[in-house]
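Chain residues, written in single-letter form:
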Amino acid sequence: MSKIQITFPDGREQEYDQGITAMDIALDISEGLARNVLAARVNDVVVDASMPIQDDASLALLTWNDEDGKSTYWHSSAHLMAEALEALYPGVKLGIGPAIETGFYYDVDTGDRSISTDDFKAIEDKMLELARTKSVYTRKDVSKADAIAYFQDKGDEYKLELLEGLEDGEITFYEQGNFTDLCKGPHIPHTGSIKAIKLLKVAGAYWRGDESRPQLTRIYGVSFPKKKELDAYLELLEEAKKRDHRKLGAELELFMFSDKVGAGLPIWLPKGTAVRQRLEDFMKAEQLKRGYQPVITPHIAKKELYVTSGHYEKYGEDSFQPIQTPREGEEFFLKPMNCPHHCEIYGHRPKSYKELPIRIAEFGTVYRYEQSGELHGLTRVRGFTQDDAHIFCTPDQVKEEFLNVLDLTMHVVKKLGFDSFTAQISLRDPDNREKYIGSDENWEKAESAIIDACAESGMETVTAYGEAAFYGPKLDFMIRDALGRSWQLGTIQVDYNLPERFELEYIGADNEAHRPVMIHRAPFGSMERFVGVLIEHCAGKFPLWLTPEQYTILTISDKYEDYAKELKTTLDTLGLRGTIDDRAETIGRKIRDAEVKKIPYMLIVGESEAEARQISVRRQGDGDVGKMSPQEFADLIEQES
RNA sequence: GCCAAUGUAGCUCAGGGGUAGAGCACUUCCAUGGUAAGGAAGGGGUCGGUGGUUCAAUUCCACUCAUUGGCUCCA
C-alpha cells in the first residue's frame, strides 16, 4: 500500500497509509482526541473526519474549540432537528438548515400546522432522544436523477428547487437515523456528541429571502456537547438582556422615543446628552490636535446637490421625500450624508497643493429613511449624528492620512475600553459592478490604497466583497463588546469618485489642476449607535470621565443638609460633578436608589462626617470604601478616571 | 417594506361585552434614620389611535400607529 505524508498544524509531519481517515489518525494519536474530533480540515477544506485522504495533505483535526468544528456541529444539529421535526410533524417540508454564528436554524414548511415556542420542549426532547441513539452521519453520492426521484417521492418541492441548481456528479446526501437530506456536508461523526439543546425562537422567513415566495417557519436553536456550556450560554443571553441599551436607556433616563415625534427618532434626555457631549468633546479635542477644522452645514440641501453626488440616483426613492418651498416649488432633501456639503466647502475657492491635506470635520446630523421593520433602539434609527470628517489630499498623501485616521480610531476605541476588534476591508462585489459609480481605475486605486495602508499598519483584517459603499471601498471596524458580541462602528472610506463628480481640484507644483482624493471617516460611526453599544458594553456603568453623575451625597437626616451643600460646593470647585439626595428617606433607601441608578460613588454624611469635615465613601457595586476628606475623594476619582 | 406577536397608570404586569386593578414610582403626613426598599394616607388611566358591530366596546371586527422577534435593506 502506498504511503502519504500528513502535515499537522504545528508543522510536524508523519507518514500514513493512503486512504487513511482523519478519525483514524486521531485514534492513532489518542482515544480522547478521537472522541472529540468533530471534523477535519484537509488542505484548508473542511471535510468529514471519516473521509479517506488519498494524497499528501495538511491536516487539522477540528474539535469544539475550532470555529469550523463548532459550525459543523451546529450544522449537524440542524439535521438532527429536521429529523425530530419529521418524526413529530409527518409531511413537513424542508428548506435549508445551516449553522449560523451561534447555533443553527432550519426553515420548514409545516403546511396548515403552525409551530410555536410551546412546541419547543417536545422537539428538544425528540432531538435528545434521537441524539442518544448515536446515529452515524453517513455521506452518500447520489445521481441527480436519483436525488430528484427521492424528493419527488417525498413531495418536497424546496429540495427539488435546490437540486435544479446543482450539477449531476456533485450531489450528495447525508443520512442519520431515519433522516436523509440533500447536503454537501461535512458533518460530525455521530449524533451522540449532541448533548444539550435549546430551541430559541421561531420566525417567518421567505423561501430564498424572496418576499414573493412562500413563507417558511424558521426555527432557531443552539446545541452544545456539555450541559454546562448550554447553561453558560443561556446565562450570557440573560446578561445581554439585562444590558440591553433600550432597557438601560429608559431606566437611567438617557434617551427616549415618542410616538408623536416619530419612530426611529431618538430624543436625548439630559443624562444621555451629558454622556454624548463628553464623547463629542473628547473627539473634538482629539481632532483639533490632529489638524481637523470644524465646520457646520445646514440640515437640508437642494436636490441638485445629491444629483451631483450620485446619492439621488442611488437612494432618492429610499430617502425621506423632498420638502418644497411654497412659492417656487424648489425641492430640498433632508441631508442623508455630510460629504456633498463638505465637497462644496472644499470647492468654494481654488486650492493649492500646499494647503493639502484639508481635514473638514463636523458632527453632522443626517436623516435616512430606514424601513420601519429595521428600527432598533439607538442602533438603527432614522436621524443620527455622525462624527464625520472628510480629508481632501493628494494621491501620494492618501496612505499617510489613512494611517493617521487608523491611529485616531484605535485611540478612541481603546479609550472607551473596547479592547478587541476586527477590521473588515469592504470591497466591491466583483459580480455586480453596475451597483457602483466611478471608473475601474479609480476603484482599483482606492482599493489598493486601503489594502496597502492596512498591510503597512500591521493590522489584521478580513476582506468582504460586496460590502463597499457605492462610491468607494471601506475599512469597517467591528468592535467586540464585553459580552463578545460584534458591532460595526467606525468606518474609513477612500474615495476617488466624489471629487470627480464635484470637479474638485487643486493646483499642483506643476501649475496644473489635479484631482484630490477624499477620505471619509467616522471613528464612532454615529453617536447614537456608539452610545447604544457603549451602554451595553459597560452595562450602564459609564467610566467616570463620561458618567453624568460621578457621585451623589446621601444625608443621614435633614440635620446634615447644610454640610451636604457645603460639601457639594467644595466638590464643584474640585471639578467633580454630582448631586445631593436630601429626601426624607432612610439611608438604606437612598443607597439602594443610588445603586440602582448606577451612580459610581455614594458620599454618606451624618454626624461623624460633619464633625470631622469628612465623607464616608461607598463605591457602587462594591460597598463601603471608608472615610476620607473631600480632597482625598477628588484624588481617588482623578486616579480612577 | 414583508410575516408574526404584543400594546391596560411613569414602570412591571393582572383582568375582561355592563366605562378597571396590584406592586413599584409619585404627592402629603408621621418617623430623624448609619451602608441595597421605615410606616400611613392620597392622587393618577378617554385600557395606543380611528372607524364598525352592539342597548352597551377597554374587551368582538376592520383599518392605523408603535414596539418586539425574524426576513429583506443599510450612503
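Residues numbered from 1 in each chain as written. Chains lettered and ligands numbered in written order. Predicted model: local features only at pLDDT ≥ 70, side-chain atom pairs only at ≥ 80, totals over all residues. Heavy atoms only, no water.

S.K.: What exactly am I supposed to notice about the overall build of chain A here?
M.R.: What chain A contains, in helices and strands, is 20 helices and 35 strands. C-alpha extents for chain A along the principal axes are approximately 85 × 75 × 60 Å. The proportion of buried residues among the 641 residues of chain A is 49%. As displayed, chain A offers around 31,000 Å² of accessible surface, 47% of which is attributable to carbon and sulfur atoms. The average position of the 79 basic charges and that of the 111 acidic charges among the side chains of chain A differ by 5 Å. (Helix = DSSP H or I, 4+ residues; strand = E, 2+ residues; numbered from the N terminus. Buried < 20%, exposed > 50% of the residue type's maximum accessible area, 1.4 Å probe, protein only. Areas by Shrake-Rupley, 256 points an atom, 1.4 Å probe, with all protein chains shown as cover. Lys, Arg positive; Asp, Glu negative; His and termini not counted. Charge placed at Lys NZ, Arg CZ, Asp CG, Glu CD.)

S.K.: Looking at this structure, how should I read the packing of aromatic side chains?
M.R.: Going through the model one piece at a time under the given rule, you end up with 24 aromatic pairs. Ring geometry for Trp64 against Tyr73: centres 4.8 Å apart, planes inclined by 70°, an arrangement best described as edge-to-face. Given a relative accessible area of 11%, Trp64 falls into the buried group. We classify Tyr73 as buried; its relative accessible area is 0%. Here Trp64 and Phe224 contribute two aromatic rings whose centre-to-centre distance is 5.7 Å and whose plane-to-plane angle is 70°, an arrangement assigned as edge-to-face. In this pair, Trp64 is assigned in the loop between strand 7 (57-62) and helix 3 (67-88) and Phe224 in strand 15 (residues 215-224), connecting sequence segments 160 residues apart. A network of ring pairs unites the aromatic residues Trp64, Tyr73, Trp74, Phe224 and Tyr233 as a single cluster. For Arg12, the ring lying beneath its charged end belongs to Phe8, and the centroid distance is 4.4 Å. (Phe/Tyr/Trp six-rings, centres within 6.5 Å; stacked < 30°, edge-to-face > 60°. Lys NZ or Arg CZ within 6 Å of the ring centre and 35° of its normal.)

S.K.: It is not clear to me how the protein's contact with RNA strand B should be interpreted in this structure. Could you clarify?
M.R.: Close contacts around RNA strand B come from 49 residues, with Tyr206, Glu374, Ser557, Arg589 and Glu609 the closest. Close to the protein, within 4 Å, the atoms of RNA strand B belong to sugar or phosphate groups at a rate of 48%. Separating a phosphate oxygen of RNA strand B from a side-chain N or O atom of Ser372 is a distance of 2.8 Å. Listed by contribution, the elements that provide at least two residues to the surface near RNA strand B are strand 14 (196-206), strand 15, helix 11 (311-315), helix 18 (587-596), helix 19 (607-612) and strand 34 (615-619). When residues of the surface near RNA strand B are assigned to their parent elements, the largest contribution, six residues, is made by helix 18. Its residues placed into classes, the surface near RNA strand B shows 16 nonpolar, 15 polar and 18 charged. (Near = heavy atom within 4 Å. Polar contact = N/O pair within 3.5 Å; in protein donor to acceptor, adjacent residues only side chain to side chain. Nonpolar A, V, L, I, M, F, W, Y, C, P; charged D, E, K, R; others polar.)

S.K.: Looking at this model, I keep getting lost on unusual backbone geometry. Mind explaining?
M.R.: Across the junction of Gly185 and Pro186, the peptide omega takes the value 0°, indicating a cis bond. Tracing the sequence through the fold places Pro186 in the loop between strand 13 (179-182) and strand 14. With omega at 0°, the peptide bond leading from Leu356 into Pro357 counts as cis. Along the polypeptide, Pro357 turns up in the loop between helix 12 (339-346) and strand 22 (358-367). Located in the positive-phi region is Glu253, a residue other than glycine, with phi close to 55°. Along the chain, the position of Glu253 falls in the loop between helix 8 (245-251) and strand 16 (255-256). Overall, the relative accessible area of 47% leaves Glu253 in the partly exposed class.

S.K.: Sorry, what's going on with the sheet that holds strand 5 (residues 45-47) here?
M.R.: Sheet strands pair via backbone hydrogen bonds, and the direction of the pair is either parallel or antiparallel. Overall, mixed pairing links the five strands, which are arranged 2-1-7-4-5 in an open sheet. A strand with exactly one partner marks an edge of an open sheet, and here the two such strands are strand 2 (13-17) and strand 5. Each strand of the sheet is rotated relative to its neighbour by a mean of 35°, with strand direction disregarded. As judged from the four bridges shared by strand 4 (residues 39-42) and strand 7, these two strands associate in the antiparallel manner. Its bridge partner being in strand 7, Val42 is matched across the sheet by Leu59. Helix 1 (residues 22-29) contacts strand 1 (3-7), strand 2, strand 4 and strand 7 of the sheet and is inclined by roughly 70° relative to strand 7. (Pairing = 2+ DSSP bridges. Axes fitted to C-alpha atoms, helices over the stretch in contact; angles between N-to-C directions. Contact = heavy atoms within 4.5 Å.)

S.K.: I would appreciate a short explanation of the packing of helix 5 (residues 144-154) against helix 6 (residues 157-164) in the present structure.
M.R.: A pair of packed helices is captured by two measures, namely the crossing angle of their axes and the spacing between those axes. Relative orientation of the contacting elements helix 5 and helix 6 amounts to 165°, with a least axis distance of 8 Å. Regarding the angle of helix 5 to helix 6, the classification is roughly antiparallel. The two elements helix 5 and helix 6 cross, and the hand of that crossing is left-handed. In contact with Lys144, Ala147, Ile148, Phe151 and Gln152 of helix 5, helix 6 contributes Lys159, Leu160, Leu163 and Glu164. The residue makeup of the contact of helix 5 with helix 6, split by class, is five nonpolar, one polar and three charged. (Parallel < 35°, antiparallel > 145°, perpendicular 65-115°, else oblique. Left-handed = near helix turned anticlockwise from the far one by under 90°.)

S.K.: Quick question: what am I supposed to make of helix 4 (residues 120-131) here?
M.R.: For helix 4, built from 12 residues, the straight-helix expectation of 16 Å at 1.5 Å per residue is met to within 8% by its first-to-last C-alpha distance of 16 Å. Considered for burial, the residues of helix 4 that qualify are Phe120, Ile123, Glu124, Met127, Leu130 and Ala131. Along the long axis of helix 4, the arc covered by the buried residues comes to 130°, so they all point the same way. (Expected span 1.5 Å × (residues − 1). Arc of directions from axis to C-beta.)

S.K.: How should the nonpolar core be read in this particular structure?
M.R.: For soluble globular proteins, nonpolar side chains are generally found buried alongside one another. By size, the foremost hydrophobic cluster in this structure holds 56 residues, and its most contacted members are Leu279, Phe402, Leu416, Leu475, Phe477, Val494 and Phe524. For Phe402, the residues in contact, after removing those within four places along its chain, are Ile450, Ala453, Cys454, Leu475, Ile492, Val494 and Ile519. If you look at the next biggest cluster of nonpolar residues, it comprises 36 residues, including Ala78, Phe104, Tyr137 and Ile197. (Core = buried A, V, L, I, M, F, W, Y, C linked by side-chain atoms within 4.5 Å.)

S.K.: Teacher, can you tell me more about the domain arrangement of chain A here?
M.R.: Many authors give the size of an interface as the accessible area that is lost as the parts come together. Entries for chain A in the domain assignment read domain 1 (3-63), domain 2 (68-226), domain 3 (255-537) and domain 4 (551-640). Centre-to-centre separation of domain 2 and domain 3, based on C-alpha positions: 41 Å. (Domains from an automatic or database assignment.)

S.K.: Just checking my understanding: could you explain the pattern of salt bridges for this structure?
M.R.: It is possible for side chains of opposite charge to pair when their charged atoms get near one another. For the structure on display, the rule yields 44 salt bridges. Between Asp244 and Arg246 there is a salt bridge, with the nearest N and O atoms lying 2.5 Å from each other. Judged by relative accessible area, which is 16%, Asp244 ranks as buried. For Arg246, a relative accessible area of 38% gives the class partly exposed. One continuous salt-bridge network, built from bridges that share partners, spans Asp581, Arg583, Glu585, Arg589 and Asp593. (Salt bridge = Lys/Arg side-chain N within 4 Å of Asp/Glu carboxyl O.)

S.K.: Help me understand the side chain of Glu124 in this model?
M.R.: Inspection of the secondary structure puts Glu124 in helix 4. For the buried residue Glu124, which engages in no salt bridge, the nearest side chain bearing the opposite charge is Lys198, 4.5 Å off. Side-chain polar atoms of Glu124 contact the backbone nitrogen of Leu199, separated by 2.8 Å.

S.K.: Explain the confidence of the model for chain A here, please?
M.R.: A low pLDDT score tells you not to read the predicted coordinates there in detail. Looking at chain A, pLDDT values average 92 and 100% of them are 70 or higher. Ranking the elements of chain A by mean pLDDT puts strand 14 last with 87 and strand 18 (residues 293-294) first with 98. (pLDDT = per-residue confidence, 0-100.)

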